[in-house]
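A closer look at the structure
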Amino acid sequence: MNTKKRDVKLYNVLFPLWMLLLIPVLWLIVIPGNFIIDSIVLLVSMAALKITEKKQWYKKYILKIFLFGMLSDVIGAAYMLLMMVVFRLGNMGDELYLTIPGLLISAVMIFVFNYFVTFKKIDKPLRFKLAIIFAVVTAPYTFLVPSSWLYG
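Residues numbered from 1 in each chain as written. Predicted model: local features only at pLDDT ≥ 70, side-chain atom pairs only at ≥ 80, totals over all residues. Heavy atoms only, no water.

1. What to know about the overall build of the protein
- Each helix and strand counted, the protein has 6 helices and 0 strands in total.
- For the protein, the succession of helices and strands along the chain, N to C, is α-α-α-α-α-α.
- In the protein, buried positions account for 40% of the 152 residues.
- Here the analysis covers contacts within the protein between residues at least 6 apart in sequence; of these, 69% occur between residues at least 24 apart.
- Carbon and sulfur atoms make up 72% of the accessible area of the protein, which totals about 9200 Å². (Helix = DSSP H or I, 4+ residues; strand = E, 2+ residues; numbered from the N terminus. Buried < 20%, exposed > 50% of the residue type's maximum accessible area, 1.4 Å probe, protein only. Contact = heavy atoms within 4.5 Å. Areas by Shrake-Rupley, 256 points an atom, 1.4 Å probe, with all protein chains shown as cover.)

Shown next, in the form of structure tokens:
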């Protein structure tokens, strides 16, 4: 039995969450960046789905979409951190067997939050389309950026 203690290197946890903790000024980029992406996706979705009250919809839904998206990213990142720290399944960022489930968990949570909370008063076919669009387009694909690209 190997009794060697394994080192846990938290610098490999994920991108960008770990970076936000190390360099807090990045919040000034990540928060507006996510808000802008969510806004663009909402505006394009409304145009594609022929929603006429764009201004009212935007005001009504953008904050919930944005906040639930951030929460979903944190949930996916927490899964990856749990796998690394508690179960010691490897370094994050380079192992697709850890980052892809984190990405999928976040995408599913984006769908669930938007379908059951954000758009709950909209008819089901439209609610489903909007929730799917946000889950697919705004999933945290940055989880797939290998940490080795950042650390060499």
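Now that the structure has been shown, the text picks up again.
2. Quick look at helix α4 (residues 96–118)
- Over its 23 residues, α4 runs 31 Å from end to end, which matches the ideal 33 Å to within 8%, given 1.5 Å per residue.
- Looking only at α4, the buried set comprises L98, T99, G102, L103, S106, A107, I110, F111, F113, N114, Y115 and T118.
- Buried residues belonging to α4 abut α3 (54–85) and α5 (124–137). (Expected span 1.5 Å × (residues − 1).)

3. Digging into the environment of S39
- In this structure, S39 sits in helix α2 (residues 27–48).
- Along the backbone, S39 and Y58 are 19 residues apart, and their C-alpha atoms lie at a distance of 7.9 Å.
- Leaving out residues up to four positions away in the same chain, S39 has contacts with Y58 and I62.
- A polar atom in the side chain of S39 sits 2.7 Å from the side chain of Y58. (Polar contact = N/O pair within 3.5 Å; in protein donor to acceptor, adjacent residues only side chain to side chain.)

4. Some thoughts on the side chain of S106
- Mapped onto the fold, S106 is located in helix α4.
- S106 sits in the buried class, given a relative accessible area of 0%.
- In this structure the side chain of S106 is engaged in a polar contact, spanning 3.5 Å, whose partner is the backbone nitrogen of G76.
- Among residues more than four places away in sequence, those in contact with S106 are S72, D73, G76, P140 and F143.

5. A look at the packing of aromatic side chains
- Per the counting criterion, the structure on display carries 8 aromatic pairs.
- Note on W57 and Y61: the rings are 5.2 Å apart at their centroids and 65° apart in plane angle, and the pair reads as edge-to-face. One end of the pair is W57 and the other is Y61, both in helix α3 and 4 residues apart, which spans about a single turn. The same class applies to W57 and to Y61, which are both buried.
- With a centroid separation of 4.8 Å and 80° between ring planes, the pair formed by Y115 and F116 is classed as edge-to-face. (Phe/Tyr/Trp six-rings, centres within 6.5 Å; stacked < 30°, edge-to-face > 60°.)

6. What to know about the confidence of the model for the protein
- Residues with a pLDDT of 70 or more make up 76% of the protein, whose mean pLDDT is 83.
- Mean pLDDT across the elements of the protein ranges from a minimum in helix α1 (residues 17–22), with 54, to a maximum in α5, with 98.
- In the model, residues 7–16 has pLDDT below 50 throughout and makes 30 contacts with residues more than four positions away in sequence or in other chains. (pLDDT = per-residue confidence, 0-100.)

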